[in-house]
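Tertiary structure, described
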Amino acid sequence: MNHTLVPDELDVLVELLPTPGTRVIELGCGGARTARQMLQRWPDMRYLGLEVDLRQHAINLQDTPPRMRFAVGGAQAIACDDAQFDLALMLKSLHHVPLDAMDQALTEVARVLRPGGHLYVSEPVYEGALNEIVRLYNDEGIVRAAAQAALDRALAVRGTWEQVAQRRFDLPVHFEDFAQFERRMMNPTFADHRIDAPLRERVAAAFAPHCTMQGAHFVRPMHVRLLRRVG
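Cut-offs applied
Residues numbered from 1 in each chain as written. Predicted model: local features only at pLDDT ≥ 70, side-chain atom pairs only at ≥ 80, totals over all residues. Heavy atoms only, no water. Helix = DSSP H or I, 4+ residues; strand = E, 2+ residues; numbered from the N terminus. Buried < 20%, exposed > 50% of the residue type's maximum accessible area, 1.4 Å probe, protein only. Phe/Tyr/Trp six-rings, centres within 6.5 Å; stacked < 30°, edge-to-face > 60°. Lys NZ or Arg CZ within 6 Å of the ring centre and 35° of its normal. Core = buried A, V, L, I, M, F, W, Y, C linked by side-chain atoms within 4.5 Å. Contact = heavy atoms within 4.5 Å.

A separate point is unusual backbone geometry. Backbone geometry at Ala32 places phi at a positive 60 degrees, although glycine is not the residue there. With respect to the helices and strands, the residue Ala32 is situated in the loop between strand S2 (23-27) and helix H2 (33-41). One non-glycine residue, Arg194, lies in the positive phi region at around 50 degrees. The exposure class assigned to Arg194 is exposed, which follows from its relative accessible area of 70%.

Once that is clear, we can look at the packing of aromatic side chains. Each aromatic ring pair is summarised here by two numbers: the centre-to-centre distance and the angle between the ring planes. A complete count under the given rule lists 8 aromatic pairs for this structure. Consider the rings of Phe175 and Phe181, whose centres lie 5.2 Å apart with planes at 80 degrees: the pair is edge-to-face. You'll find Phe175 and Phe181 in the same group, each marked buried. Taken together through their ring pairs, the aromatic side chains of Phe175, Phe178, Phe181, Phe207 and Phe218 make up a single cluster. Across from the ring centre of Trp42, 5.6 Å away, lies the NZ or CZ of Arg41, which sits over that ring.

Let us now look at the nonpolar core. Residues Ile25, Leu27, Met90 and Leu119 are the most contacted members of the largest nonpolar core, which totals 29 residues. When residues of this core are assigned to their parent elements, the largest contribution, 6 residues, is made by helix H4 (residues 102-112). When residues no more than four places from it in sequence are discounted, the contact partners of Leu27 are Leu50, Ala75, Ile78, Ala88, Leu89, Met90, Ser93 and Val109. One finds Val24, Met38, Leu87 and Leu226 within the second-largest nonpolar core, a separate group that totals 28 residues.

Structure below.
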């Protein structure tokens, strides 16, 4: 399936939500790259990033610009009062929430959003050449489908959410070589994929045909759903 190539996902967010509000929470923030861009674009914005990966959290604390805060926590138990935020972000993070906690996570997000606030959920689609390589050691077919199903269930509850927009697009992904792919994709700080030598060789063999003198270029198909908190 052909989608529009979007080099920077912030462009999608701005298209769907030109005025995101001043109070933003991100669940599973990682390095908060998009949030840092948002703070530059909207000077009045205040941001809280939650992360369960303690190593990534420690890195975030080493570089905390003004108007940003970071805390340890998962989406299924947000240590914030009700109706505190205008926008919640889940950027490739909903499928990382434990399967039995996804519904609770979306309930928690609804609780901390003000009425009329938005939830921006961006999830990778289970297709494409990059996906075929990654699934050799980390098959996310079940959890990605579960994330979409959890959103559907949340929308089916009257008086909580309405979906106001969705987009499908491709994000370009570049690796200089297999070593960089291995560092970024096979050995993240938040997971141990238990990759032994034979599995590493299988992944390297699958990666090799995509390598050129300019590195390896992929696209990652994405599906964004923008929900509004009703009430």
